[in-house]
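Now for the letters of each chain:
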There are 2 protein chains.
Amino acid sequence: MFPMKRRGLLVVVSSPSGGGKGTILKELFRRNENLKMSVSATTRAPRPGEEHGVHYYFITKDEFKTNIENHAMLEYAEYCDNFYGTPKAPVEKWLEEGHDVVLEIEVQGGRQIKKVAPDCVSLFILPPSLKVLEKRLRGRGTETEEVIEKRLAAAADEIRCVKDYDYAVINDTVEQAVLDIEAILAAEKLRVSREKDIAERILNHA
Amino acid sequence: MFPMKRRGLLVVVSSPSGGGKGTILKELFRRNENLKMSVSATTRAPRPGEEHGVHYYFITKDEFKTNIENHAMLEYAEYCDNFYGTPKAPVEKWLEEGHDVVLEIEVQGGRQIKKVAPDCVSLFILPPSLKVLEKRLRGRGTETEEVIEKRLAAAADEIRCVKDYDYAVINDTVEQAVLDIEAILAAEKLRVSREKDIAERILNHA
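Scoring rules and cut-offs
Residues numbered from 1 in each chain as written. Chains lettered and ligands numbered in written order. Predicted model: local features only at pLDDT ≥ 70, side-chain atom pairs only at ≥ 80, totals over all residues. Heavy atoms only, no water. UniProt positions renumbered as here; feature names shortened; annotations may be inferred. Contact = heavy atoms within 4.5 Å. Buried area = accessible area lost by both parts, 1.4 Å probe. Salt bridge = Lys/Arg side-chain N within 4 Å of Asp/Glu carboxyl O. Polar contact = N/O pair within 3.5 Å; in protein donor to acceptor, adjacent residues only side chain to side chain. Helix = DSSP H or I, 4+ residues; strand = E, 2+ residues; numbered from the N terminus. Least-squares fit on C-alpha atoms with pLDDT ≥ 70 in both. Pairing = 2+ DSSP bridges. Axes fitted to C-alpha atoms, helices over the stretch in contact; angles between N-to-C directions.

Chain A appears in an unreviewed UniProt entry as Guanylate kinase from Hominenteromicrobium mulieris. Regarding chain A, the relevant UniProt record gives this comment under Sequence similarities (unreviewed entry): "Belongs to the guanylate kinase family." Entered under Subcellular location (unreviewed entry) in the UniProt record, the comment concerning chain A runs "Cytoplasm".

This is the structure in structure tokens:
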């Protein structure tokens with residue numbers, strides 16, 4: 001093995017609702033111990049069963065605003081009178097340690113990340129077709145017909161957001177989608193643009 | 001599977017001498033039937049055992065010059081009073097058919113390809129260290145000491161050419177290098193920049 005400690009990859013993952021992101025990420029994490037999932041901060045109250053530092057960092061609005069002022073958030077948004085966002089420090093620590101860090105995030109947040117961390121790798125997970133998306137939304141059995149109709153109506157615009165991402169992963173089977181993501185992460189680590197000193201490392205390597 | 005016929009990838013592969021490119025490509029081709037190796041054209045005479053269309057396309061200087069004038073060569077060079085180069089037509093045909101096409105080529109040729117085919121994927125295969133490179137050059141037993149010394153002296157400059165390539169593949173073990181190349185090819189096919197119509201394909205896919 002090449003004996004260098006490498007900085008990890010910052011991996012942005014987005015998907016239209018019903019794209020199947022959750023299942024794919026679960027399997028990806030099961031298979032890859034080096035991966036870390038970023039934990040968001042929020043000012044909303046914890047729900048039953050939610051743990052601080054696991055599901056969210058639960059912080060006050062004052063703390064959140066101070067973080068914003070100190071540029072301590074990678075991205076954030078206000079939603080229903082609460083703040084949600086990604087604290088920079090734990091992500092940075094993991095990257096330094098060589099872990100790849102996944103940010104599961106919606107499209108607006110993904111755009112913010114690209115601006116502050118242009119060397120991130122961004123993936124958009126897509127259903128193979130609108131019909132499959134509809135089937136999956138209905139299959140959950142958790143949404144009302146009204147909600148399903150709304151989501152399908154929004155899906156076309158959501159799917160077109162793929163243009164802002166580096167890679168498109170089609171969620172046809174979970175197995176193939178996970179293999180695709182693993183290939184992307186492996187390949188990105190071999191990019192010369194991420195290894196500007198590679199020639200000197202080889203020349204100086206005993 | 002996503003049922004679309006896709007254009008193949010044009011894959012430029014270079015290496016310092018002794019980098020181990022030959023062994024890696026042989027194993028890569030053994031494992032990937034969809035890959036095609038580009039055949040160069042040359043004006044030099046065939047050597048015993050060399051077949052037209054297999055080892056080279058053997059053509060006359062007039063034919064070669066006409067090809068250059070007609071922009072029918074992807075790249076070419078003159079060496080020891082003979083021309084060597086890559087005919088465009090067979091490569092283009094394979095790409096259209098969906099095959100990935102490998103051009104095994106030196107650095108100058110690689111630069112020419114990047115100019116005429118900026119969507120190519122370029123890989124530079126590197127030895128893990130100068131010491132390993134030296135060991136491999138000596139291990140061949142085919143070179144004189146003088147040639148080995150010359151090659152080692154040139155190796156540093158050759159290795160620094162990695163900066164002109166998209167990906168650096170370290171030839172530590174053949175198995176890992178082949179896996180790395182397979183990951184790169186798989187990932188490149190998922191790049192949104194290669195699939196500009198992907199959103200519409202999904203939206204229109206029954």
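Back to the write-up after that little detour.
Engineer: So what about the interface of chain B and chain A? Which residues, and what values?
Structural biologist: If you look at the interface, chain B gives 35 residues, while chain A gives 35 residues. Counting each side, the surface lost to burial between chain B and chain A is near 3,100 Å², with a carbon and sulfur contribution of 70%. On inspection of chain B and its partner chain A, the count reaches 4 salt bridges. One salt bridge connects Arg-191 of chain A with Glu-188 of chain B, and the closest N-O pair in it is separated by 3.6 Å. Where chain B meets chain A, there are 8 residue pairs in polar contact (both at pLDDT 80 or more). Secondary-structure elements contributing two or more residues to the side of chain B that touches chain A are α5 (130-140), α6 (145-160), β9 (167-170), α7 (174-188) and α8 (198-204) of chain B.

Engineer: Which residues make up the relation of the copies chain B and chain A, and what are the values?
Structural biologist: Two copies of a chain can be linked by a rotation about an axis combined with a shift along that same axis. Mapping chain B onto chain A is achieved by rotating through 180° and translating by 0.0 Å along the same axis, at an RMSD of 0.0 Å. A rotation of that kind, with that shift, is consistent with a two-fold axis. Considering only C-alpha atoms, the part of chain B nearest the rotation axis is Ala-183 of chain B, at 2.2 Å. A share of 100% of interface residues in chain B that are also interface residues in chain A marks the association as one of identical surfaces.

Engineer: Got a sec to walk through the sheet that holds strand β9 (residues 167-170) of chain A? Specific residues and values, please.
Structural biologist: Residue and element names in this part refer to chain A. Strand order in the open sheet made by the 5 strands is β2-β7-β1-β8-β9, with parallel pairing throughout. Looking at which strands have only one partner, the edges of the open sheet turn out to be β2 (35-37) and β9. On average, adjacent strands in this sheet sit at an angle of 30° to one another, irrespective of strand direction. Direction of pairing for β2 relative to strand β7 (residues 100-104): parallel, over a ladder of 3 bridges. Along β7, the bridge assignment pairs Lys-36 with Val-101. Against the sheet, helix α4 (residues 107-116) contacts β1 (10-14), β7 and β8 (121-126), and its axis sits at roughly 155° relative to β1.

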